[in-house]
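Next come the chains, spelled out residue by residue.
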Amino acid sequence: MSFVKLTTSALAIAAVSATTAAARDQVQVAGSSTVLPYASIVAEAFGENFEFPTPVVESGGSSAGLKRFCQGVGTEHTDIANASRAIREKEIKACAENGVTDIIEVRIGYDGIVFASQIDGPAYTAFTQSDIFNALAPKVMVDGALVDNPYTKWSDFNADLPDAEILAFIPGTKHGTREVFEEKVIAAGCETTGAMEAMVAGGMSEDDAEDACLEVRTDGRSVDIDGDYTETLASIDANSNAIGVFGLAFYENNTDKLKVATMSGVEPTTETIAAGDYPVSRPLFFYIKKAHIGVIPGLKEYAEFFVSDEIAGPDGPLAAYGLVSDPELTSTQEGVSGEQVMGGGS
């Protein structure tokens, strides 16, 4: 399969403008802001290479996209949900309750979650998961005791970090990035610092301690961003000492405005993520409503195009934008071609 019309316009990252689909001859996609630029690149290239209309791609976050996806089957419902995390069991149940029973899971590749600051601001080059936990948790370990977080500057608990006020802009709870941030950064720091052990020793159940480990302080030093990464970037622009949480691809396309922090001594790059060296990476997905294949023109063709070697492979336009190509891409291609649904059916 060869796609020869991959022009520079196919690399545009703006989302495809939503239009009213009277006859529903356009594929409709919604969900993750992290997957949005990749899906937009593919949608434009698809419109240039096929006789089908250019798919409509919208954002809104992984949770919001999956909620829309699970609302039902029929042309009034979206065909694809983009997600920067795997679909949850409760979402699969919600889908089933609304008749969405055959779901095709498509892993498109990998991305890293990075911490970046203003290009002219302090250099955060010594982060560990423990540092992020100490900066943002409501309770931390001080002299062997779990206490209300007393820290106001990064240097208060790590002399290798800047003598700068703590201010972090993190993804809001509707974003798939938030879940990965919690599990791979905050929860890991909670355990490493001994805070989780102290919670359990203080009488909490392990489940309650795990939940408490994911909490962030509410005194203004940790700020949820419900919009996409452009909103986080604007917040960083307005706060010279702040750090923000971004996807690797967004950072790599804004290196004129941002500088990235290391995590456990490793700089986030396509190479360090592919090698498994960078500790905060995650797979990216989209989910297809199988019942819409054959009903919505171009749906399967779009999915096959998305995961083709020419698009999602290591030399494709998505890799050029920052996606880490999936080493098991061939298996994904076979699953899409065979319309393999979650649970092993087809």
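Thresholds applied
- Residues numbered from 1 in each chain as written.
- Predicted model: local features only at pLDDT ≥ 70, side-chain atom pairs only at ≥ 80, totals over all residues.
- Heavy atoms only, no water.
- Helix = DSSP H or I, 4+ residues; strand = E, 2+ residues; numbered from the N terminus.
- Rg over C-alpha atoms; globule rule 2.2 N^0.38 Å.
- Buried < 20%, exposed > 50% of the residue type's maximum accessible area, 1.4 Å probe, protein only.
- Contact = heavy atoms within 4.5 Å.
- Axes fitted to C-alpha atoms, helices over the stretch in contact; angles between N-to-C directions.
- Parallel < 35°, antiparallel > 145°, perpendicular 65-115°, else oblique.
- Nonpolar A, V, L, I, M, F, W, Y, C, P; charged D, E, K, R; others polar.
- Patch = residues over 30% accessible without salt bridge, like charges linked within 9 Å, V, L, I, M, F, W, Y side chains within 5 Å.
- Areas by Shrake-Rupley, 256 points an atom, 1.4 Å probe, with all protein chains shown as cover.
- Salt bridge = Lys/Arg side-chain N within 4 Å of Asp/Glu carboxyl O.
- Lys, Arg positive; Asp, Glu negative; His and termini not counted.
- Charge placed at Lys NZ, Arg CZ, Asp CG, Glu CD.
- Disulfide = S-S within 2.5 Å.
- Pairing = 2+ DSSP bridges.
- Right-handed = clockwise from strand over helix to strand, strands pointing away.
- Arc of directions from axis to C-beta.
- Core = buried A, V, L, I, M, F, W, Y, C linked by side-chain atoms within 4.5 Å.

Novice: Give a description of the overall build of the chain that names residues and reports values.
Specialist: Summing up its helical and strand segments, the chain has 14 helices and 11 strands in all. In terms of overall dimensions, the chain is globule-like: its C-alpha atoms have a radius of gyration of 21 Å, near the 20 Å expected for 346 residues. Sorting the 346 residues of the chain into buried and exposed places 53% on the buried side. Residue pairs in contact within the chain that sit at least 24 positions apart in sequence constitute 74% of those at least 6 positions apart.

Novice: Please set out unusual backbone geometry residue by residue, giving values where relevant.
Specialist: Excluding glycine, a negative phi dihedral is what most residues carry, and trans is how most peptide bonds are arranged. Although it is not a glycine, Asp143 adopts a positive phi angle of roughly 55°. Here Asp143 lies in the loop between strand E5 (139–142) and strand E6 (145–148). Its identity as a non-glycine residue notwithstanding, Ser264 has a phi of 55°, on the positive side. Relative to the elements of secondary structure, Ser264 occurs in the loop between strand E10 (258–260) and helix H10 (270–274). Using a relative accessible area of 42% as the deciding quantity, one classes Ser264 as partly exposed.

Novice: Could you give me a rundown of the packing of helix H4 (residues 129–136) against helix H5 (residues 176–193), with the residues and numbers involved?
Specialist: Helix-helix packing is characterised by the crossing angle of the two axes and by the distance between the axes. Closest axis-to-axis distance for the H4/H5 pair is 7 Å, and the angle between their directions is 90°. With respect to H5, the element H4 is oriented roughly perpendicular. Residue-level contacts link Gln129, Ser130, Ile132, Phe133, Asn134 and Leu136 of H4 to Phe181, Lys184, Val185, Ile186, Ala188, Gly189, Cys190, Thr192 and Thr193 of H5. Split into classes, the residues belonging to the contact of H4 with H5 amount to eight nonpolar, six polar and one charged.

Novice: Would you mind going over the side chain of Ser235 in detail, with residue names and values included?
Specialist: Along the chain, Ser235 falls in helix H8 (residues 229–237). With residues near it in sequence (within four places) discarded, Ser235 still touches Phe169 and Ile225.

Novice: Quick one: what's the story with a negative patch on the surface, residue by residue and with numbers?
Specialist: Together, Glu191, Glu206, Asp207, Asp208, Glu210, Asp211 and Glu215 make up a negatively charged patch on the protein surface. A per-element tally of the negative patch places helix H7 (residues 206–213) first, with five residues. The topology assignment puts Asp207 in helix H7.

Novice: Please set out the state of the cysteines residue by residue, giving values where relevant.
Specialist: On inspection of all chains with the given rule, the structure shows two disulfides. Two residues, Cys70 and Cys95, share a disulfide whose sulfurs are 1.9 Å apart. Handedness here is read from the sign of the S-S torsion; for Cys70 and Cys95, about -70°, the answer is left-handed. Taken together, the positions of Cys70 in the loop between helix H2 (62–69) and strand E3 (80–83) and Cys95 in helix H3 (residues 89–97) put the pair 25 residues apart, joining distant regions of the chain. Look at Cys95 and you get buried, because its relative accessible area is 0%. Looking at the chain, its bonded cysteines, counted consecutively from the start of the sequence, adopt the pairing 1-2, 3-4.

Novice: So what's going on with the pairing of E5? Residues and values would help.
Specialist: Of the strand pairs in this sheet, E5 and E6 are connected by four bridges, and their pairing is antiparallel. Residue pairing across strands places Met141 opposite Leu146, the latter belonging to E6. In this antiparallel pair of consecutive strands, E5 and E6, the connection spans two residues, and Asp143 shows a positive phi of 55°.

Novice: Report on the pairing of strand E2 (residues 56–60), specifying residues and quantitative values.
Specialist: As paired strands, strand E1 (residues 28–31) and E2 are joined by three bridges and run parallel to one another. Directly across from Gln28, in E2, lies its bridge partner Val56. With respect to chirality, the unit in which E1 leads through helix H1 (residues 36–49) into the neighbouring parallel E2 is right-handed.

Novice: Residue-level account of helix H11 (residues 299–306), with values.
Specialist: Side chains three or four residues apart in an α-helix point the same way, a direct result of the helix having 3.6 residues per turn. Within H11, the full set of buried residues consists of Leu299, Tyr302, Ala303, Phe305 and Phe306. Taken end-on, H11 shows its buried residues confined to a sector of 160°, consistent with a single buried face.

Novice: Explain the nonpolar core to me, using residue names and the numbers behind them.
Specialist: In this structure, Phe115, Phe127, Ile132, Trp154, Phe181 and Phe246 are the most contacted members of the largest nonpolar core, which totals 55 residues. Ranked by residues supplied to this core, first place goes to H5 with five residues. Beyond its immediate chain neighbours, meaning those up to four positions away, Ile132 contacts Phe115, Phe127, Trp154, Phe181, Val185, Ile186, Ile243 and Met263. Counting 37 residues, the second largest nonpolar core, distinct from the first, contains Val35, Ala39, Ile288 and Val336.

Novice: Describe the environment of Ser33, and please don't skip the residues or the numbers.
Specialist: Position of Ser33 relative to the elements: it lies in the loop between E1 and H1. Separated by 144 residues in sequence, Ser33 and Thr177 place their C-alpha atoms 9.1 Å apart. Contact partners of Ser33, with chain neighbours within four places excluded, come to Ser59, Gly61, His175 and Asp228.

By themselves, these observations are geometric and do not establish any function.
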